[in-house]
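A closer look at the structure
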4 protein chains.
Amino acid sequence: MNPDYPEDHPRNIIPELCRLYYNNGWMPGSGGSLSIKYGEEIYITPSGVQKERIQPEDLFVQTSEGEDISGPPSSKGLRKSQCSPVFLNIYRLKGPGAVFHLHSKSSVLASLLTDGNTVHLSNLQMIKGIRKWTTGGNHKFTDDVQIPIIDNTHTEDGLVDGMVKAMNDYPDTCAIIVRGHGIYAWGQTWQQTKLVCESYDYLFDIMLQLRAAGIQEIR
Amino acid sequence: MNPDYPEDHPRNIIPELCRLYYNNGWMPGSGGSLSIKYGEEIYITPSGVQKERIQPEDLFVQTSEGEDISGPPSSKGLRKSQCSPVFLNIYRLKGPGAVFHLHSKSSVLASLLTDGNTVHLSNLQMIKGIRKWTTGGNHKFTDDVQIPIIDNTHTEDGLVDGMVKAMNDYPDTCAIIVRGHGIYAWGQTWQQTKLVCESYDYLFDIMLQLRAAGIQEIR
Amino acid sequence: MNPDYPEDHPRNIIPELCRLYYNNGWMPGSGGSLSIKYGEEIYITPSGVQKERIQPEDLFVQTSEGEDISGPPSSKGLRKSQCSPVFLNIYRLKGPGAVFHLHSKSSVLASLLTDGNTVHLSNLQMIKGIRKWTTGGNHKFTDDVQIPIIDNTHTEDGLVDGMVKAMNDYPDTCAIIVRGHGIYAWGQTWQQTKLVCESYDYLFDIMLQLRAAGIQEIR
Amino acid sequence: MNPDYPEDHPRNIIPELCRLYYNNGWMPGSGGSLSIKYGEEIYITPSGVQKERIQPEDLFVQTSEGEDISGPPSSKGLRKSQCSPVFLNIYRLKGPGAVFHLHSKSSVLASLLTDGNTVHLSNLQMIKGIRKWTTGGNHKFTDDVQIPIIDNTHTEDGLVDGMVKAMNDYPDTCAIIVRGHGIYAWGQTWQQTKLVCESYDYLFDIMLQLRAAGIQEIR
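Read on for an overview of the structure. (Residues numbered from 1 in each chain as written. Chains lettered and ligands numbered in written order. Predicted model: local features only at pLDDT ≥ 70, side-chain atom pairs only at ≥ 80, totals over all residues. Heavy atoms only, no water.)

Some remarks on the overall build of chain A
The helix and strand tally for chain A stands at five helices and nine strands. Helices (α) and strands (β) of chain A occur, in sequence order from the N terminus, as α-β-β-β-β-α-β-α-β-β-α-β-β-α. Here the C-alpha atoms of chain A give a radius of gyration of 17 Å, agreeing with the 17 Å that 2.2 N^0.38 yields for 219 residues. When each of the 219 residues of chain A is scored for burial, the buried share is 59%. Taking the intrachain contacts of chain A between residues at least 6 apart in sequence as the baseline, contacts between residues at least 24 apart amount to 63%. A gap of 4 Å separates the mean positions of the 20 positive and 25 negative side-chain charges of chain A. (Helix = DSSP H or I, 4+ residues; strand = E, 2+ residues; numbered from the N terminus. Rg over C-alpha atoms; globule rule 2.2 N^0.38 Å. Buried < 20%, exposed > 50% of the residue type's maximum accessible area, 1.4 Å probe, protein only. Contact = heavy atoms within 4.5 Å. Lys, Arg positive; Asp, Glu negative; His and termini not counted. Charge placed at Lys NZ, Arg CZ, Asp CG, Glu CD.)

Here you go:
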């Protein structure tokens, strides 16, 4: 922790979560990106770097309108995350306190095991960790939770249109999977976003292990 | 370790085990809950929080009759674990020194791979780590160890009836699986409870990996 | 490290390896046991305890004839590993510098996936880490390495007869698997024993993952 | 970190990466080897030792022509990595800033699941982390990335001929898999080499998990 900032400041939390997510395999090979809103400022990780080595001063800061407030020392030669337009689009449309983009294998595998455009989850307790974004409250474990899958595009900003459509079609979702790529997830706070990411990863992995054991559906 | 308490006090042991169980995937996304009896006091984790960040002062303390002895500073806004009635029911009926509730994937998968209401384990050495709660002593590795599975309910306290029935039907068990949800396990001490949780997780995972390799039964 | 002993003294190395092997899943739920020969003394872990918490003073010390030299403070109430007769038998017959007994899932699964009494490994580079104990030198990667499997018994000392026969039938082996139970492995030093355990675990796991992907044999 | 050297000196980076790669299973049982070019000096790990215990002074230093510049203290009795001729051959032909050789299970399994002499990867975002070595730039996620597989040989220097042919046949590749053995990968810097190794491991593991779930090809 850098004592120059409060313990829960994005300049402390983001580097800590990047180390956690590198170590658990969600941010391999510079993949993935985190953003947290703090007051009116949105803190975003830099692009193309070893995520586990990110320092507090390496973050870019923007308004939710996409205006730059500050950035890392130019001597570091860092570039803003290519996910920035996707993050800002989610902040504008859904109003969360944090948006994470992770390259977790479980989200990629869930999208590749599904022919359609939705991952379905049901009859698992951890579903209760998933918030119904628009109608409010959390899911029951018996709900049929649907996570939309959108097609990948060659650049991150190309994802925006697909994400807008997915958010319209599934207004209660707090996550969108990009096929063969990873997951975008959001919550009211960074803590809720962290919890929801852990819940999805757990749920997708249960689904995958059942498939490997020859079971197609959870009753 | 907080030096204000003895090394083996629940205020030291519970936060340490929560970090361990978060890191090994048994307490993802705020899931799971731990309780340890210390003298006549039962220490219980708070609800809905990041388990790996629990501090010694965050625990709730109750009598085995369910009366509140103390709780965390109210400024923290913590709620008692929803598992408390389930824990207290087990303390009353079985008299253990600790009861743990874990969302381990292995226990969830074991319940989903089983059509009936019992997971059977046999011909594995780690079965010897499982105590026969009522008749006493530990199992032989050749025993047919049966772990009852009960159906999940929408609230944790709804589990009590199913658990009472399972404890009656399987008086020697020291664990009950909740389908699609997780495991409750107990032991005479927190150390024995920790060991039995590790043994079950290991045994369930062996069973799962054999299934994935196409083997249905251990001879 | 306890500075009262040299860095490579068994009282430093054994607790360190126990923590490593607890964390990688080879010593779950108090399972497994380690022994290292240091001069004429054989240091052995205690029985039935959390292996990751073993302290330097917790070890039992014996001669290779099985006479007790020293033990942990009696106030700790520790018991010598039940593996001691098995360890001593291997020290007498094979003359190694260390013998480890591990409950690694990979060794248990390898024994359960095999109908016969031998695990066969071939065409994998890590085979070169396996020493031919009697004829000397290490295996070529194209060798058909055979690791004998013996049946489990209700007590550890019941394993001795099966192990003597396996050592006679497979004089070059430096490991024996106990079906559904775990592995005993030895080397000329603790370092070699550590390396050979890692090599077997890696090789068995490759075999298991291939099986899960539908491949029965490595060409 | 050893403060006698700059933070990014190979004598600091190589021991740090060896610990990382031991812990994630890429350098089990003394397997694997790392090399980094620093100015005109190439730093190489010693052979046959526990990689997680390598110290800054344990490295061998050579010119790219293979002349010895310096080595570890002779009292340590260390031998140069047997991979040295393979490393030097890659430095001469491809001009990278670092070459890593890893025994990652994912690379071994990828080679064993493939009948032909190439692993194909496509439709996965992490492909964008792979550089086209000769034609420049990084792959698109829709590219058909081909990683050549060569046959294993009894000594590491026997691999050179196969690797020269593979580099000629696949001029854009920055990695070669040795069947049943592991991977050689390179990048313009040690950071790029680390990232590319993480990308391949992730991609191969996705492929393997899909196979285990019954899916042969990614659409």
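Quick notes on the relation of the copies chain C and chain D
Once chain C has been moved 0.0 Å along the axis and rotated by 90°, it coincides with chain D to within an RMSD of 0.0 Å. Both copies are brought into coincidence by an operation consistent with a four-fold rotation axis. If distances are taken from each C-alpha of chain C to the rotation axis, the shortest is found for Ala212 of chain C, at 3.9 Å. (Least-squares fit on C-alpha atoms with pLDDT ≥ 70 in both.)

A few points about the nonpolar core
Ranked by size, the top nonpolar core spans 70 residues in total, and within it Phe100 and Tyr184 of chain B carry the most contacts. A per-element tally of this core places helix 5 (residues 190-212) of chain B first, with 10 residues. (Core = buried A, V, L, I, M, F, W, Y, C linked by side-chain atoms within 4.5 Å.)

Re the packing of aromatic side chains
According to the stated counting rule, one finds 21 aromatic pairs over all chains in the structure shown. Plain terms: the ring middles of Tyr38 of chain A and Tyr43 of chain A are 6.5 Å apart, the flat faces sit at 80° to each other, and that makes the pair edge-to-face. Using a relative accessible area of 5% as the deciding quantity, one classes Tyr43 of chain A as buried. Their ring planes at 85° and their centres at 6.5 Å tell us that Trp133 of chain D and Trp186 of chain D sit as a pair that is edge-to-face. Pair noted here: Trp133 of chain D is in the loop between strand 6 (118-121) and strand 7 (145-150) and Trp186 of chain D is in strand 9 (residues 182-187), with a separation of 53 residues, a long-range link. Of the two residues, Trp133 of chain D and Trp186 of chain D, both sit in the buried class. Every member of this aromatic cluster is reached through a ring pair, and the members are Tyr21, Trp26 and Phe100 of chain A. Directly above the ring of Trp133 of chain B sits Arg131 of chain B, whose terminal nitrogen or CZ lies 5.9 Å from the centroid. (Phe/Tyr/Trp six-rings, centres within 6.5 Å; stacked < 30°, edge-to-face > 60°. Lys NZ or Arg CZ within 6 Å of the ring centre and 35° of its normal.)

Details of the environment of Ile130 of chain C
Residue and element names in this part refer to chain C. Summarising the element assignment, Ile130 is placed in the loop between strand 6 (118-121) and strand 7 (145-150). Take Ile130: its relative accessible area is 2%, and that puts it in the buried class. Separated by 44 residues in the primary sequence, Ile130 and Cys174 have C-alpha atoms spaced 7.8 Å apart. In this structure, Ile130 is in contact with Asn138, His139, Cys174, Val196, Ser199, Tyr200 and Leu203, ignoring residues within four places of it in sequence.

Thoughts on helix 4 (residues 160-169) of chain C
Since the α-helix packs 3.6 residues into each turn, any two residues three or four apart lie on the same face. Residues and elements named next belong to chain C. Those residues of helix 4 that fall on the buried side of the exposure criterion are Val160, Met163, Ala166 and Met167. Take helix 4 and look down its axis: the buried residues cluster within an arc of 125°, on one side only. Turned more than 90 degrees off the buried face of helix 4, the exposed positions are Asp161, Lys165 and Asn168. Looking at the buried positions of helix 4, the neighbouring elements they touch are helix 2 (84-94), strand 7, strand 8 (175-178) and strand 9 (182-187). (Arc of directions from axis to C-beta.)

A closer look at the interface of chain C and chain D
Between chain C and chain D, the contact holds 27 residues from the first and 25 residues from the second. Together chain C and chain D conceal approximately 2,200 Å² of surface at their shared face, both sides included; 58% is due to carbon and sulfur atoms. The largest share of the area that chain C buries against chain D comes from Gln125, Phe141 and Tyr202 of chain C, three residues that together contribute 25% of it. The interface formed by chain C and chain D contains three salt bridges. Salt-bridge contacts for Asp205 of chain C lead to Lys105 of chain D; the nearest nitrogen and oxygen are separated by 2.8 Å. Connecting chain C to chain D are 12 residue pairs in polar contact (both at pLDDT 80 or more). (Buried area = accessible area lost by both parts, 1.4 Å probe. Salt bridge = Lys/Arg side-chain N within 4 Å of Asp/Glu carboxyl O. Polar contact = N/O pair within 3.5 Å; in protein donor to acceptor, adjacent residues only side chain to side chain.)

Observations regarding the arrangement of the chains
Contact between chain A and chain C is absent, and the least distance between their C-alpha atoms amounts to 8 Å. Looking at chain B next to chain D, you find no contact at all, with the nearest C-alpha pair sitting 8 Å apart.

Observations concerning the relation of the copies chain B and chain A
If you rotate chain B by 90° and push it 0.0 Å along the axis, it lands on chain A with an RMSD of 0.0 Å. Interface overlap between copies: only 4% of the residues of chain B at the interface are likewise at the interface in chain A, consistent with a contact formed by different surfaces.

A look at the sheet that holds strand 9 (residues 182-187) of chain A
As a general point, the strands of a sheet are linked pairwise by backbone hydrogen bonds and lie either parallel or antiparallel. Residue and element names in this part refer to chain A. In spatial order, the strands read 4-3-2-1-5-9-8-7-6; together these nine strands make up an open sheet with mixed pairing. Looking at strand neighbours, the two that pair on one side only are strand 4 (68-70) and strand 6 (118-121), the edges of this open sheet. Each adjacent strand pair in this sheet contributes to an overall mean axis angle of 25°, direction not counted. (Pairing = 2+ DSSP bridges. Axes fitted to C-alpha atoms, helices over the stretch in contact; angles between N-to-C directions.)

Quick notes on the interface of chain B and chain A
Across the contact, 25 residues belong to chain B and 27 residues belong to chain A. When chain B packs against chain A, the two sides together hide about 2,200 Å² of surface, and 58% of this comes from carbon and sulfur. If you sort the residues of chain B by the area they bury against chain A, Lys105, Leu112 and His154 of chain B come out on top, with a joint share of 26%. Inspection of the region where chain B meets chain A yields three salt bridges. Counting the contacts that link chain B with chain A gives 12 residue pairs in polar contact (both at pLDDT 80 or more). Contributions of two or more residues to the side of chain B that touches chain A are made by helix 3 (105-112) and helix 5 of chain B. With four residues, the single largest contributor to the side of chain B that touches chain A is helix 3 of chain B. Tallied by class, residues from the side of chain B that touches chain A come to seven nonpolar, 12 polar and six charged. (Nonpolar A, V, L, I, M, F, W, Y, C, P; charged D, E, K, R; others polar.)

Digging into the sheet that holds strand 1 (residues 33-38) of chain C
All names here are of chain C. Taken in spatial order, the nine strands make up an open sheet running 4-3-2-1-5-9-8-7-6, and their pairing is mixed. Only two strands of the sheet have a single neighbouring strand rather than two, namely strand 4 (68-70) and strand 6. Between one strand axis and the next, the sheet turns through 25° on average, direction left out of account. Summarising the sheet, strand 3 (residues 60-62) and strand 4 pair through two bridges and their orientation is antiparallel. Of the residues in strand 4, the one forming a bridge with Gln62 is Asp68. The strands touched by helix 4 are strand 7, strand 8 and strand 9; relative to strand 7, the strand with the most contacts, the crossing angle is about 160°. Those strands touched by helix 5 (residues 190-212) are strand 1, strand 5 (98-102), strand 6, strand 7, strand 8 and strand 9, and its axis lies near 140° from that of strand 9.

Some thoughts on the pairing of strand 7 (residues 145-150) of chain A
Residues and elements named next belong to chain A. Of all six residues making up strand 7, five are buried, and the element is well covered by its neighbours. Inspection of the sheet shows strand 7 paired to strand 8 (residues 175-178) by two bridges, in the parallel sense. Bridged to Ile150 within strand 8 is Val178. With respect to chirality, the unit in which strand 7 leads through helix 4 (residues 160-169) into the neighbouring parallel strand 8 is right-handed. (Right-handed = clockwise from strand over helix to strand, strands pointing away.)

Some points on the pattern of salt bridges
Across all of its chains, the model carries 36 salt bridges over all chains by this definition. A salt bridge links Glu57 of chain B to Lys76 of chain B, with the nearest nitrogen and oxygen atoms 3.2 Å apart. With a gap of 19 residues between them, Glu57 of chain B in the loop between strand 2 (41-44) and strand 3 (60-62) and Lys76 of chain B in the loop between strand 4 (68-70) and helix 2 (84-94) connect regions that are remote in the sequence. Residue classification places Lys76 of chain B among the partly exposed positions, given a relative accessible area of 35%. What you see here is one network of salt bridges that share partners, running through Glu52 of chain A together with Lys194 and Glu198 of chain D.

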